[in-house]
Amino acid sequence: MFAKTFGCVRFIYNLMLSDKIKHYQQTRKMLSVTPAKYKSQYEWLKEVDSLALTNAQLNLQTAYKNFFRKKRVGFPKYKSKKKSRKRYTTNNQHGSIRIEDGKIKLPKVGYVKIVQHRPMTGIIKSVTVEQTPTNKYYVSILVEYENQVPEVELHRFIGLDYSMHDLYVTSEGERANYPRYLRRHERKLARLCRWHSRRKLGSQNRERMRLRVCLEYEKISNQRIDYLHKKSYHLAEEYDAICIETLNMRTMSRLLRFGKSVSDNSFGKLREMLSYKLYYRGKRLIEVDKWYPSSQLCHKCGYRNRKVKDLRIRNWKCPSCGIEHNRDVNAAINLREEGKRIAATTVGHTGSNACGEGVRHYDPYEEIAHSSMKQEAPAS
């Protein structure tokens, strides 16, 4: 049933996208369609959850809106059977989705055993079922609940400067010493990929090797996420405000040709974790504009050394006051001081920074609980 739903959701998305394109080419007008229009022609669409098909329609509408309203967002693309993510979303209506005795009830599926990540409180709004490349099934549950965030006075500030090798350097001189999990597994991944490429197309041996490659990538991802959760938890517990730059990691990976190193440490994911973990504690994540010259300014006298634009300069001496600086630690201290200035000029959890951009915060209106479904071993 899961496989059938994945296929139907992908099919209806591609079919509606195709009809929209053809209609626009003929009439120069937008076509508004619903999945119900196609059920008479494709009766097997009635076998799956209707709300899963409706959510596919909403996803297509969102893709169109993003294309017309946002910059640098491409036109909606067709979903591939092999490359697209296998997932669907359905909504809770009159208790159609509920958790009872270690099982979750899903529309058109019934009760399925789960390994629940944590207990939940509130009203279930929707669930998203997903199959990973390693053939594991996960369900993400969207829950609405009331939450009052306590207000905390900001006393302890810290600045984090991005470091490609160490993940970040703090204003106190500490380095994260990121283990670089992808680099550690490179040789094994290369060997597994070679073995996979030598297997015959369509054979069971090739499928087994594909699973081994996917499992290795999954292990790297899990190690990285676990490390980031521990670091973000420690920072959120120790400090009241964390000052960080609004860096565009995707652009950095493309322009500077450091794609593998930038993607390996997932600094953007760390920033996202810090945002919601600080919010839950009534604290703040203060984002300093990326054009703020944190590396060029002397944190003692304020002298700006424009030569430090060169990334090869890791240590420099201030010509004004004569203090020797480590590039990363000096930048982190400047970020901390700029964050204090922004916090003094803003009220509450929102406001404007020095360049007129809003200080962004994650507002957790809902709670996401991840549960993994138990899989029965195939019969031998």
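The structure this text deals with has already been given above.
Residues numbered from 1 in each chain as written. Predicted model: local features only at pLDDT ≥ 70, side-chain atom pairs only at ≥ 80, totals over all residues. Heavy atoms only, no water.

Caption draft 1: Spatial organisation of the packing of aromatic side chains. For the structure on display, the rule yields 14 aromatic pairs. Note on Y42 and W44: the rings are 5.7 Å apart at their centroids and 65 degrees apart in plane angle, and the pair reads as edge-to-face. Residue Y42 is classed as partly exposed on the basis of its relative accessible area of 21%. Taking the relative accessible area as the measure of exposure, W44 reaches 37% and is therefore partly exposed. Three or more aromatic residues joined by ring pairs make a cluster, and in this case those are Y64, F67, F68 and F75. Between the NZ or CZ atom of K20 and the centre of the ring of Y64, over which it lies, the distance is 5.3 Å. (Phe/Tyr/Trp six-rings, centres within 6.5 Å; stacked < 30°, edge-to-face > 60°. Buried < 20%, exposed > 50% of the residue type's maximum accessible area, 1.4 Å probe, protein only. Lys NZ or Arg CZ within 6 Å of the ring centre and 35° of its normal.)

Caption draft 2: Main features of the pairing of strand β9 (residues 241-245). Counting buried residues in β9 gives five out of five residues, a clear majority hidden from the surface. Covered by surrounding structure in β9 are A241, C243 and E245 together with I242 and I244, the residues of both alternating faces. Bridge count for strand β7 (residues 157-163) against β9 is four bridges, and the pairing is parallel. Residue G159 lies in a different strand from β9, and its bridge partner there is C243. (Helix = DSSP H or I, 4+ residues; strand = E, 2+ residues; numbered from the N terminus. Pairing = 2+ DSSP bridges.)

Caption draft 3: Examining the packing of helix α4 (residues 186-198) against helix α5 (residues 204-238) more closely. Relative orientation of the contacting elements α4 and α5 amounts to 160 degrees, with a least axis distance of 9 Å. Between α4 and α5, the crossing angle belongs to the class labelled roughly antiparallel. As α4 runs across α5, the sense of the crossing is left-handed. Listed contacts from α5 to K188, L189, L192, C193, W195, H196 and S197 of α4 are R206, M209, R210, R212, V213, E216, Y217 and I220. Here the contact of α4 with α5 is composed, by residue class, of eight nonpolar, two polar and five charged. (Axes fitted to C-alpha atoms, helices over the stretch in contact; angles between N-to-C directions. Parallel < 35°, antiparallel > 145°, perpendicular 65-115°, else oblique. Left-handed = near helix turned anticlockwise from the far one by under 90°. Contact = heavy atoms within 4.5 Å. Nonpolar A, V, L, I, M, F, W, Y, C, P; charged D, E, K, R; others polar.)

Caption draft 4: A look at the sheet that holds strand β8 (residues 167-170). One open sheet accounts for four strands, arranged β8-β7-β9-β10; its pairing is mixed. The strands lining the two open edges of the sheet, one partner per strand, are β8 and β10 (284-288). On average, each strand axis in the sheet is inclined to that of its neighbour by 30 degrees, with strand direction left out of account. In this sheet, β8 lies alongside β7 in antiparallel orientation, the contact comprising four bridges. From the neighbouring strand, L160 faces β8, where its bridge partner is T170. Helix-sheet contacts for α5 involve β7, β8 and β9, and the interaxial angle to β8 is about 20 degrees. Contacting β7, β8, β9 and β10, helix α9 (residues 327-345) crosses the sheet at an angle of about 135 degrees to β7.

Caption draft 5: Structural context of the pattern of salt bridges. The final tally for this structure, using the stated rule, is 22 salt bridges. A salt bridge links R156 to E238, with the shortest nitrogen-to-oxygen separation between them at 3.6 Å. With R156 in the loop between β6 (137-144) and β7 and E238 in helix α5, this residue pair connects regions lying 82 residues apart in the sequence. On the accessibility criterion, R156 (39% relative accessible area) is partly exposed. Owing to a relative accessible area of 36%, E238 belongs among the partly exposed residues under this scheme. (Salt bridge = Lys/Arg side-chain N within 4 Å of Asp/Glu carboxyl O.)

Caption draft 6: How the structure looks around the side chain of N55. Here N55 lies in helix α2 (residues 50-69). A distance of 2.9 Å separates a polar atom in the side chain of N55 from the backbone oxygen of T89. In this view, N55 contacts T89, T90 and N91; residues no more than four positions away in its chain are not counted. (Polar contact = N/O pair within 3.5 Å; in protein donor to acceptor, adjacent residues only side chain to side chain.)

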